[in-house]
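Chain by chain, the residues run as shown.
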Amino acid sequence: MDPGDPAGDPAAGERHRMGRDPLLLLQALQTLWSTRERKQLREEAWRGFAALDDPLAGLLDMLESCRGQRGEGPSLAAWISHQLQCWLQAQPCPSLAQHSLRLKQLQARAVKVLTESPPSLAAPLASIFQLQDADRSCLLAHVHRLHHEGRFREAATLGATLKLQSELGVEKMSIPLLLQDKVALVERYVAGFPDLQRRLLVLMDSWCQPGFDIKDVARRYPEVTSLSLEKLSPKALSRQVLRLQERYGVAPALCPNAAIQQRLAALRHLCHKRFVEVREQEGVLGAASRGLSHRVWPGILTAHCRVHRHIKRACHRRTGPTMCSDPVTAAQCAMELLLPEERLPAAVAVELRRFRLQGRATEADSRLEVKDMKDRYYQLPIPRENVHLLASWEDLTRHEGALLQCHQVVGVDVEWTPVFVAGGRPRPSLLQVAVEGHVFLLDVLALSQPPTGQGAQAFSRLVAQLLSDPSITKLGYGMVGDLQKLGTSCPALAHVEKQILGGMDLLLVHRQMRVASVPAPAVDRARELRGLSLLVQQVLGTALDKTQQLSNWDRRPLCEEQVIYAAADAYCLLEVHQALCREPARFHLSEDLAGSRRPRHRERPGARKPPGLQKASAPAAPRQVPVAVAVSEGAAPQIPARAFRVVCDNMLQGLARSLRCLGVDARMLGNGEDHRRAAEVARQEGRIILTSGQPFHKLRAQVGAGRCLSVDCSLKAQQQAKAVLKHFNVRVTHADIFSRCQACNCDQYLKVSRDMMKQLMWLSSHQEGPRSSGDEATQSQAVQEPGPAPDAAPEGCTYDRPCRWLQMADLRAETPDMLADGTRLQLAGVPVGVLRTPGLRCFYCCTGCGKVFWDGSHLGRVATHFRDMLESAPSPCEPSPAPSPASSPF
């Protein structure tokens, strides 16, 4: 394509020699553009491009004629430019030679068009006319003009498209965009320029400095509108900096202020757990398991909050105005953080001196506490010399035979240092493998470095062989989640959790035991435990001390308390398994559990179970599920609807009512209750938390794995109910529908005859005060005259719940519409026409809230909607052999 040199008027001469006038092509495309026939429009455009002698000059002619035409929606000029770009890429002919005179002339025209056109033309024009090699002075001037006019997004986008970042810099272009929370655009602007990326991080890190006020920056840019300064708080901005630091592979030393903010956030969280949670739970067994006791506090503080002057200053602030209302707690905090006494408030300093005088007594108390713990908590039953720390490939080789012995049962667990800041990812530090009589602690930190070293290869090979051997039964508690973390330290073990054969997750067994309401000693104490500690307490009689769980597992050498805790954490799995095998009936598990001690081959995750292992309908007696079935990959034990207990946050009140409709014990939070109340209810009453949105992660951390579910708010309430029931494998029968009151969750009803209901409604209406004569006539006519009633039930679809009849003795004499316990019957919600329903024999009153129910069409609608969820359910319009629920007026 060589159109030759122009003569005279370049544009007129070019159009004269063209096979087709580009302006005529533009008119044809404008006509088709208005019809929105995109396929025909594209075909016409491509035919027109092929007919032009010089498509590049023709495009500029069309764009120049469209100059100044701005409107809503996509631009025809931008569409034509994009189509020509695609057409040129599909042509076999070569493009114009770089630095040729003809290309420079076209680039000059294209730059002029670009400066007078919308931003959508920048990308196609830059590609077609190779504007990255054009005269950069004109392009830079245009970008600077856009920036000066306050069109910051357009300036940055155009600068990135034309590859002008090196000349434009990063501070000038990025600051206005950051003030408007356009971080993604800034990331695109510096993409491919490592020097600009480092300068951007230095800029953002400078804003994270303690005491920095972002409003000072905003005042220097008055032309910036739509400020989002709340997104630029040091806490939020430090997260962005650390994310970009990892993404760009920049050394941490380049972002010291973000690191300080991270440690300050960790300090705030640690102080809360150490001085608030433990104090609130003082005197309760298991408080140290959730909070940070004084035994692990120094190590955690050292690991997450290194000494720095800003952190020291934050410590003073935290022990000052925020804790002066409790000088004792503030003094304890100051003493453990080693804060100077002269910087503390007077009341706190007095308590600090008293603490120091009592130092020796505190040490004695600690020794007594350790002695007392041996009586309260599970103790490792094997000698200390049988706990082996393996930190080299020689250690692995020496003990490989014991670890990989066929036909044995092993307990597997992983320890890692907890991460107390958002976005942090825990790194495994220790892998524990317990066999009969011995525990092996595999030092992941030592064995995984260097990644290609002999130790890392031996460790990865041994772990993969252990997990994939079907003859070895692997016990764990949430084992899949533990093993997933190994891939972060050993790339060769990425997705190793998918290779497990012969695995048994006791977490799933524990869920089945909870459903069956396992009786356990010291029930009040067990309420304060959770997870593996609770399982050990229920099965072995003493809880597992989790104090060291939050300690610094990256420290080397490990302290003796950490070694004992890690060994006990894995070995208790063996003893729990043995106890379950000895007495499966005690824990409402089947006799097949005894056979689970014999190793057998397990199907890979996702494989279908043979027909003999499929879940079947259970009789009225408690269902007994073999552990081999209950813990097969992905399978959860079946739960009867009336044994399933949940608490819903205040965003899921419709879901709670739908679950109650199916017999589920569903508590719901009120509109004014904080979501943290759900965690309290779940722990106290053994309920599953159903929540949505941001509270999910916080609530899940408080109740443990498997006890909190995030629900999709875009679904309707009945769809949410189906999803929840399927997720937890809840069995719903026809008799469960309306076995609970949708309004108050009560499951106790009183049966009221139709004659007594008429009498109660008449007494209630007269007790409320005299009505007009017309109202009395209407009431009398409604009760006495027969006739059709609304919402009649289908033939045969009846409700006959087994409950006792309401007697006059159940009512207060002075207020006949009120039960003896003070519950007022909601008689106003019963239409008088319902009393004329043919075949209606009785009503049902909820003893909890007084709501009145009767047999109607609601039963059929609910049974039809949840037909696929009902187990052995009869047709909604057939008599039910089991008690079937009533319909209600709502």
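Just above sits the structure.
This text gives an overview of the structure that appears in the document. (Residues numbered from 1 in each chain as written. Predicted model: local features only at pLDDT ≥ 70, side-chain atom pairs only at ≥ 80, totals over all residues. Heavy atoms only, no water.)

### A few points about the overall build of the protein
Point 1. Counting secondary structure elements, the protein contains 39 helices and 15 strands.
Point 2. Buried residues in the protein amount to 50% of all 890 residues.
Point 3. Within the protein, contacts between residues separated by at least 24 positions form 70% of all contacts whose residues are at least 6 apart in sequence.
Point 4. For the protein, the exposed area adds up to about 42200 Å²; of that, 52% sits on carbon and sulfur atoms. (Helix = DSSP H or I, 4+ residues; strand = E, 2+ residues; numbered from the N terminus. Buried < 20%, exposed > 50% of the residue type's maximum accessible area, 1.4 Å probe, protein only. Contact = heavy atoms within 4.5 Å. Areas by Shrake-Rupley, 256 points an atom, 1.4 Å probe, with all protein chains shown as cover.)

### Thoughts on the sheet that holds strand β15 (residues 852-854)
Point 1. Within the open sheet, the 3 strands sit side by side as β13-β14-β15. Their pairing is antiparallel. With partners counted over all chains shown, the strands left at the sheet margins are β13 (749-753) and β15, one partner each. Between one strand axis and the next, the sheet turns through 30° on average, direction left out of account.
Point 2. Bridge count for strand β14 (residues 842-846) against β15 is 3 bridges, and the pairing is antiparallel. From the neighbouring strand, C845 faces β15, where its bridge partner is V852. (Pairing = 2+ DSSP bridges. Axes fitted to C-alpha atoms, helices over the stretch in contact; angles between N-to-C directions.)

### Describing the sheet that holds strand β3 (residues 428-435)
Point 1. One open sheet holds the 6 strands; their spatial order is β1-β4-β3-β2-β5-β6, and the pairing between them is mixed. Only two strands of the sheet have a single partner each, and these edge strands are β1 (387-390) and β6 (503-505). Along the sheet, successive strands turn relative to each other by an average axial angle of 25°, direction set aside.
Point 2. Looking at chain direction, strand β2 (residues 409-416) and β3 are connected through 6 bridges and run antiparallel. Paired with E415 across the two strands is L430, which belongs to β3.
Point 3. In the packing of helix α23 (residues 393-403) onto the sheet, the strands contacted are β1, β3 and β4 (438-443), and the crossing angle to β1 comes to about 135°.

### Overview of the packing of aromatic side chains
Point 1. Considering all chains together, one arrives at 7 aromatic pairs under this definition.
Point 2. For the pair W207 and F212, a centre-to-centre distance of 6.5 Å together with 10° between the ring planes defines the contact as stacked.
Point 3. For F212, a relative accessible area of 29% corresponds to the partly exposed category.
Point 4. With a centroid separation of 5.9 Å and an interplanar angle of 40°, the aromatic rings of W553 and Y565 are classed as tilted. One end of the pair, W553, is in the loop between α30 (531-540) and α31 (560-582); the other, Y565, is in helix α31, with 12 residues separating them in the sequence.
Point 5. Between the NZ or CZ atom of R42 and the centre of the ring of W46, over which it lies, the distance is 4.2 Å.
Point 6. A cation over a ring is seen here: K485 above W416, with NZ or CZ 4.2 Å from the ring centre. (Phe/Tyr/Trp six-rings, centres within 6.5 Å; stacked < 30°, edge-to-face > 60°. Lys NZ or Arg CZ within 6 Å of the ring centre and 35° of its normal.)

### As for helix α4 (residues 55-65)
Point 1. The buried fraction of α4 is high, at 9 of 11 residues.
Point 2. The complete set of buried residues in α4 reads P55, L56, A57, G58, L59, L60, D61, M62 and L63.

### Observations concerning the nonpolar core
Point 1. Membership of the largest hydrophobic core comes to 81 residues, with the highest contact counts inside it found for I80, L125, F129, L131, L179 and W207.
Point 2. The element that contributes the greatest number of residues to this core is helix α5 (residues 76-90), accounting for 7 residues.
Point 3. Ignoring anything within four residues of it in the chain, the contact list for W207 reads I175, L178, F212, I214, V217, L232 and L237.
Point 4. Core analysis: the second largest hydrophobic core is formed by 38 residues, L430, L475, L535 and L574 among them. (Core = buried A, V, L, I, M, F, W, Y, C linked by side-chain atoms within 4.5 Å.)

### Overview of unusual backbone geometry
Of all residues except glycine, most have a negative phi; of all peptide bonds, most are trans.
Point 1. Cis geometry marks the peptide bond from Q449 to P450; its omega dihedral reads -5°.
Point 2. Here P450 shows up in the loop between α24 (444-447) and α25 (454-468).
Point 3. Here the amide bond leading from R556 into P557 is cis, since omega sits at 0°, within 30 degrees of zero.
Point 4. Position of P557 relative to the elements: it lies in the loop between α30 and α31.
Point 5. With phi around 60°, F738 is a residue other than glycine that occupies positive phi space.
Point 6. Following the sequence through the fold, F738 ends up in the loop between β12 (730-731) and β13.
Point 7. The phi dihedral of N745 is positive, around 80°, even though this residue is not glycine.
Point 8. Tracing the sequence through the fold places N745 in the loop between β12 and β13.

### Digging into the pairing of strand β5 (residues 473-476)
Point 1. Every second residue of β5 is oriented toward a common face, with T473 and L475 on one face and K474 and G476 on the other, all of them buried.
Point 2. Relative to β5, β2 runs parallel, the two being bridged by 3 bridges. Paired with V410 across the two strands is K474, which belongs to β5.
Point 3. As paired strands, β5 and β6 are joined by 3 bridges and run parallel to one another. Looking at β6, one finds that L475 is bridged to M504.

Taken by themselves, the reported measurements are silent on function.
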